[in-house]
Amino acid sequence: MSSALTDLFPHPIVQAPMAGGVSVPQLAAAVSEAGGLGFLAAGYKTADGMYQEIKQLRGLTSRPFGVNLFMPQPDYAEPAAVDVYAHQLAGEAAWYETELGDPDNGRDDGYDAKLAVLLDNPVPVVSFHFGVPSRDALDALRRAGTFTLVTATTADEARAVEQAGADAVIVQGVEAGGHQGTHRDIPENDGSGIGLLSLIAQVREAVRLPLVAAGGIMRGSQIAAVLAAGASAAQLGTAFLATPESGAQAVHKQALTNPLFSRTELTRAFSGRPARGLVNRFMREHGRYAPAAYPEIHHLTSPLRKAAAKAGDAQGMALWAGQGHRMARELPAGQLVEVLVAELAAARTASSGGGPR
């Protein structure tokens, strides 16, 4: 691992930034205090909202942490397709007694304003999702003393990350919960995602950057596996979603291990971009009809998802989760880091021949 990253946190455990109110300051602080790297998710927040969370986190820990930004999205959407999907969702709006959202509620997620805040008030680590920032932006963050990571889901995307000048690449396997961080949303590629271990091997041969592995990791033995495959650290999201510090809705946390939700799928139903979640009624009824239109569909369904959460209706929520969701443990985040570190140590001992016979 790059020593610039190693020096920031003693354990090779990164808490994934989960947007939508999950990665709150309390969660990030608990992970960082335990020796991992906690992350805030700036996605869907205003620049000031992000800044206020950074201030709050700094009041909870003096340890390093990260902030994740969503890249602005190019205009791929077809308005007519969005209108058709809105018509299909009219029954959902009536059921939840709410209005559909405005699909034209912005495509850039306030990226420039957030980047300006992070340059004026530098944080230890910044990561990027849904694309590659400009070299100028990455260079400016480096001058500010910030370590930068960018998500990639293929070897070609990893090469683009390296060429842009990022410090490390987050290698996201298809097992990962939430949105796939593909640099371009190409519907023809739906269902062609690469498993994490295969992807690590491909990216390891394609770039010289340190790798942070993400996708379905729930146990210390899996962390050992991705480290052995060539990653420098593991990023875990779903594993931390169930912790008491997580800002996820209680019904979302409970659904992770509820036998009613036995599997996950990638779907465009809630946001218009492929994202992995627990299969529920909304996904089954609408997933096949959702167009490739992010963030338009995200804005359109936002009131529906909020109304379903308020009603405690898991069948209408975006229950983002990775493939390892049934292995979720309801442990405090700091204790979970300790358990993962112990499991990692045990796995390493076993692999070196020091385990029980």
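Since we're looking at a predicted model, the values are computed, not measured.

Novice: Got a minute to help me understand the overall build of the protein in this structure?
Specialist: Across its full length, the protein holds 15 helices and eleven strands. Here the C-alpha radius of gyration of the protein, 19 Å, is about what a compact globule of 357 residues would show, namely 21 Å. Here the C-alpha coordinates of the protein stretch approximately 60 × 50 × 40 Å along the principal axes. Counting every position in the protein, which comprises 357 residues, the buried fraction comes to 56%. Of the contacts formed within the protein by residues at least 6 apart in sequence, a portion of 69% connects residues at least 24 apart. For the protein, the exposed surface amounts to about 14700 Å²; the carbon and sulfur share of it is 50%. Here the protein contributes 29 positively and 35 negatively charged side chains, and the mean placements of these two sets differ by 7 Å.

Novice: Would you explain the environment of glutamine 52 in this entry?
Specialist: You can see glutamine 52 is positioned in helix α3 (residues 47-60). With relative accessibility at 37%, the residue glutamine 52 sits in the partly exposed group. Separated by 27 residues in sequence, glutamine 52 and proline 25 have C-alpha atoms that sit 9.9 Å apart.

Novice: Help me understand the pairing of strand β9 (residues 233-236) in this model?
Specialist: Strand residues, when the strand is regular, have side chains that alternate between the two faces of the sheet. In β9, alternate side chains face the same way, and those of Ala233 and Gln235 on one face and Ala234 and Leu236 on the other are all buried. As judged from the three bridges shared by strand β1 (residues 13-15) and β9, these two strands associate in the parallel manner. Among the inter-strand pairings, glutamine 15 is bridged to a residue of β9, identified as leucine 236. The pairing of strand β8 (residues 211-214) with β9 spans three bridges and is parallel. In the strand pairing of β9, alanine 213 is matched with alanine 234.

Novice: What am I meant to see in unusual backbone geometry here?
Specialist: Each neighbour pair has its own omega, and for tyrosine 294 with proline 295 the value is 10°, a cis peptide bond. Of note, proline 295 is situated in the loop between α13 (281-286) and α14 (296-310). Not every positive phi belongs to a glycine, and phenylalanine 130 is a case in point at roughly 75°.

Novice: What is the right way to look at α3 in this model?
Specialist: The end-to-end C-alpha distance of α3 is 20 Å, a good match for the 20 Å that 14 residues give at a rise of 1.5 Å each. Taken together, the buried positions of α3 are occupied by Ala47, Met50, Glu53, Ile54 and Leu57. Along the axis of α3, the buried residues cluster in a sector spanning 125°; they form a single face. Contacts made by the buried residues of α3 are with α2 (25-33), β2 (38-41), β3 (65-70) and α6 (111-120).

Reading guide: rules and limits
Residues numbered from 1 in each chain as written. Predicted model: local features only at pLDDT ≥ 70, side-chain atom pairs only at ≥ 80, totals over all residues. Heavy atoms only, no water. Helix = DSSP H or I, 4+ residues; strand = E, 2+ residues; numbered from the N terminus. Rg over C-alpha atoms; globule rule 2.2 N^0.38 Å. Buried < 20%, exposed > 50% of the residue type's maximum accessible area, 1.4 Å probe, protein only. Contact = heavy atoms within 4.5 Å. Areas by Shrake-Rupley, 256 points an atom, 1.4 Å probe, with all protein chains shown as cover. Lys, Arg positive; Asp, Glu negative; His and termini not counted. Charge placed at Lys NZ, Arg CZ, Asp CG, Glu CD. Pairing = 2+ DSSP bridges. Expected span 1.5 Å × (residues − 1). Arc of directions from axis to C-beta.

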